[in-house]
Structures are given as structure tokens and as C-alpha cells.
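Descriptive structure summary
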Amino acid sequence: MSVFDHPEFDQHESVTFIDDADTGLQAIIAIHSTALGPAAGGCRRWQYADSKAALTDALRLSRGMTYKNAIAGLKFGGGKSVILATDDAPKSPQLFRAFGRAVDALNGQYVTAEDVGCSVDDMRSVNEVTRYVSGLPKSGASAGGDPSPMTAMGVFLGIQAAVRERLGKDSLQDVTVAVQGVGHVGLNLCRLLHEAGARLTVADVNRHNLQLARDELPVTEVAPNALLFSNVDVLAPCALGNVLTAQTIPNIQARVVAGAANNQLATETDGARLAAREILYAPDYVINAGGIINVAHEYFGNSSEEKVLAEVGEIPRRLEKIFAEAAETGEATNLIADRMARRIVAAGAKG
Ligand code: NAD
């Protein structure tokens, strides 16, 4: 199968394959759209089953970034990169510099930042060879740094909006939330939810991350394969994608699904499956835009944490609009969000 026939290709503007003999780096940079600005989206380092799985992930994530950046009102198009984690290419500053050189060769068409498996330090190595990178260490109250706390803030505000809409509650006091994955975003989200009085159920496949959550917060731990089906008000997927499927949806107990993970729906039709079960789904790329908003403020410069927070505060407003349209039309929320995003991109491409 050629890359052009790939079911997720969706007219990507370019897909770059990197194979660096010196470091063993194998990576893919997918640029879906530059209609609204340079394609921006993080770099994921993950152990994929094979290179096809890595390509699928890059393409899906990259298109999601086009939609996310459009709805968030950013002057960014959509792109994403993945690094194939293998024993032959261990994580090192050299590896990230090789990746940075590939980013630089795209002359600003793509702007990278950290995603799953990458850190602020890794982006610092990238920055040694290219300026087309964000998510670098921040100083004082300027915008920047690890984007995950802002992602968590946006998800938290989005959960509040979804709970208001579906459960009719203005407070999260005693609302039960199951958080899948207590990594960078998940743990920050748990902190905010706990402060707001929510009761937390968590799972993680990484014992260390789980222990950090348990040491800090009163959480009920369940097995990773049971978390999705917890008897809770809200399910917050904060691990990886493809968790909402024809198989899992019939067994979800929560009335709201609202979390940080990208590509939570395995397929577009899974949104309708959730709607049919009267489960309110907060489209992932709308609710999890806090991090890229942070990245944009850092990248374009001259901004502050305060300004980022103000913009992250718009996320619940955007969700409310989508929820209202879904309530009126009965259409699945993901389809409404996709349509809104495509309209913004089309208008930007014309202008
Ligand atoms: P992370 O790697 O820090 O955390 C993910 C956590 O999920 C890890 O602790 C991992 O062990 C756990 N996990 C993986 N598979 C699991 C499973 N089956 N069950 C339970 N736990 C599992 O990543 P992160 O930065 O917190 O991002 C989490 C998700 O949010 C990702 O999908 C990412 O693409 C998305 N996202 C992150 C940001 C950000 O700012 N970091 C922004 C937007 C979206």
C-alpha cells in the first residue's frame, strides 16, 4: 500500500521519513495542513508494533492537530511527528539533535514540542539545532515550558462544563471521575479534580507513575483493563488513543467522557455510539487544547502565563457551543467539532 492510499492520508501536504544512520533515529514528520500557519504538533516517542502503526499514528494525530489548532483560534496549521522507540536507538541528546535537524530542514513548515515519551530536556536538545521548537524551559511568569499543566487545566474546565451539561451540577464536589493514565497530564488533572472535591479512581500501566499519584492524593486504584468500565460519573482518558471502540463503549458506565488523550475514538462512528448511549463526549482535540495554546504563546513570544490561562478559559465555552448543537440536532459531538474545524480551515485557506 502506498502512503497516498493510506486510509488516514486525508491529503496531507507532506510526510517526511527520517532514517539517521549515526543515531539509529527513525521518525516520521506528518504535515497535514499549513492553511492557517506553520504546522504545529508535538513529537511522540513510542514503541510501535511496526512502522505502519507509527505512520497511522502520525497521520491521525497530525490531522487532529489541524482541527485542534483551528478550533483553538491559533495561527497554526496541523502536524505531528513520531519517533520509533527501539533498543537500537536509545533516548539521547544526539538522537533528539538528529530529529531537530530533520525539523530544521523543513524551514519552519513544522514546529515541534513535547508529547508522550518526550520531555522539556529533549526539546532543549532539539533547540540546539533548530528554532522551530516550543515547550522549552520557561523563565518566571512568561508563557512556555512543559505544556501539560495547561492541558490539564483545559481538561478540568471542560469536565466542569460537561458535568454541568449532562449531570446538571455546578460543582464537582463528590462527582466521581475515573482517570486513565496518571502521567504528565493525568496527574495534574487529578490534583485539580481533587481540589474541586471530586472523588478519583485511577489506573496506570506504569507502577512508578501510579505510586506518585497514590503518595500525593486519595485515589482508588483499579486494574488498567477495568478502568474504562468503572462505575463513575466521568471517564477521563489521559493515556493513549483508540480507547472508545465498538467493544468498549457498550460497557462504559460513565455519563460523560472527557479527557486529554488524543484520538480517543477508534473510528468516527464511535462518537455516534456514545451519543446513542447518551454518554456526553467532549471532543478530544477541543478539550485538550490547553497545551498547544501554551506552545503557541511561547512560540510567537511576548506573552505571559496569565494570557495563556485566559485563553485556556475559552475551552469550556467552545465545548458548550458543541454540546448545545448536539442537544438540538442529536448529532454526535465529534462530527459537529470536525465540521466547525473544517470550516475554519477552509476560510483560512481562502483568506
Ligand atoms: P504521559 O506519557 O506523561 O502519560 C501517559 C500515562 O498513561 C503514562 O503514565 C502511561 O504509563 C499511562 N498509560 C499508557 N497506557 C495505559 C493504559 N492502557 N492504561 C492506563 N495507563 C496507561 O503523557 P501525557 O503528556 O500525560 O499525555 C497523555 C495523553 O494526552 C496523550 O494521549 C497525549 O497525546 C495527550 N495530550 C497531551 C498533551 C500534553 O500537554 N502533554 C496535550 C494534548 C494531548
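Calculation criteria
- Residues numbered from 1 in each chain as written.
- Predicted model: local features only at pLDDT ≥ 70, side-chain atom pairs only at ≥ 80, totals over all residues.
- Heavy atoms only, no water.
- Helix = DSSP H or I, 4+ residues; strand = E, 2+ residues; numbered from the N terminus.
- Buried < 20%, exposed > 50% of the residue type's maximum accessible area, 1.4 Å probe, protein only.
- Areas by Shrake-Rupley, 256 points an atom, 1.4 Å probe, with all protein chains shown as cover.
- Lys, Arg positive; Asp, Glu negative; His and termini not counted.
- Charge placed at Lys NZ, Arg CZ, Asp CG, Glu CD.
- Core = buried A, V, L, I, M, F, W, Y, C linked by side-chain atoms within 4.5 Å.
- Domains from an automatic or database assignment.
- Contact = heavy atoms within 4.5 Å.
- Salt bridge = Lys/Arg side-chain N within 4 Å of Asp/Glu carboxyl O.
- Buried area = accessible area lost by both parts, 1.4 Å probe.
- Nonpolar A, V, L, I, M, F, W, Y, C, P; charged D, E, K, R; others polar.

Overview of the overall build of the protein
Secondary structure summary: the protein contains twelve helices and twelve strands in total. Oriented by its inertia axes, the alpha-carbon framework of the protein measures out at about 55 × 50 × 45 Å. Looking at the protein residue by residue over its 351 residues, the buried ones come to 55%. When the accessible surface of the protein is summed, it comes to about 15,000 Å², and 48% of that surface belongs to carbon and sulfur atoms. Each charge sign in the protein was given a centre, from 32 positive and 41 negative side chains, and these centres are 3 Å apart.

Here's the deal with the nonpolar core
Within soluble globular proteins, side chains that are nonpolar tend to cluster in buried spots. In this structure, Ile-159, Val-177, Val-179, Leu-189 and Leu-193 are the most contacted members of the largest nonpolar core, which totals 64 residues. A per-element tally of this core places helix α4 (residues 148–167) first, with nine residues. Shared between two domains, this core takes at least three residues from each, and those domains are domain 1 (3–65 + 76–127) and domain 2 (148–288 + 317–343). Among all residues touching Val-177, those that are not within four sequence positions of it are Leu-193, Ala-198, Arg-199, Leu-200, Thr-201, Val-232, Val-234 and Ala-236. Ile-18, Leu-106, Cys-118 and Tyr-132 belong to the second-largest nonpolar core, a separate cluster that totals 23 residues.

Brief notes about unusual backbone geometry
With phi around 55 degrees, Asn-107 is a residue other than glycine that occupies positive phi space. Mapped onto the elements of the fold, Asn-107 is located in the loop between α2 (93–104) and β6 (110–111). A residue is classified by how much of its surface remains accessible, and Asn-107, at 62% relative accessible area, is exposed. One non-glycine residue with positive phi stands out, namely Asn-242, at about 60 degrees. Tracing the sequence through the fold places Asn-242 in the loop between β10 (234–237) and β11 (256–257).

Considerations on the pattern of salt bridges
Scanning the model with the defined rule gives 17 salt bridges in all. Between Asp-10 and Arg-63 there is a salt bridge; the shortest N-O distance is 3.9 Å. Of this pair, Asp-10 sits in the segment before β1 (14–19) while Arg-63 is found in helix α1 (residues 51–71), placing the two residues 53 residues apart along the sequence. Connected via shared salt-bridge partners are Arg-44, Asp-57, Lys-80 and Asp-115.

Things to note about the domain arrangement of the protein
Parsing the protein into structural domains produces domain 1 (3–65 + 76–127) and domain 2 (148–288 + 317–343). The C-alpha centroid of domain 2 is placed 26 Å from the C-alpha centroid of domain 1. Listed by partner, the interface residues are eight residues for domain 1 and seven residues for domain 2. Carbon and sulfur atoms make up 43% of the area that domain 1 and domain 2 hide from each other, which totals about 670 Å². Applying the counting rule to domain 1 against domain 2 returns zero salt bridges. When residues of the side of domain 1 that touches domain 2 are assigned to their parent elements, the largest contribution, three residues, is made by α1. A breakdown of the residues in the side of domain 1 that touches domain 2 according to their chemical character gives three nonpolar, one polar and four charged.

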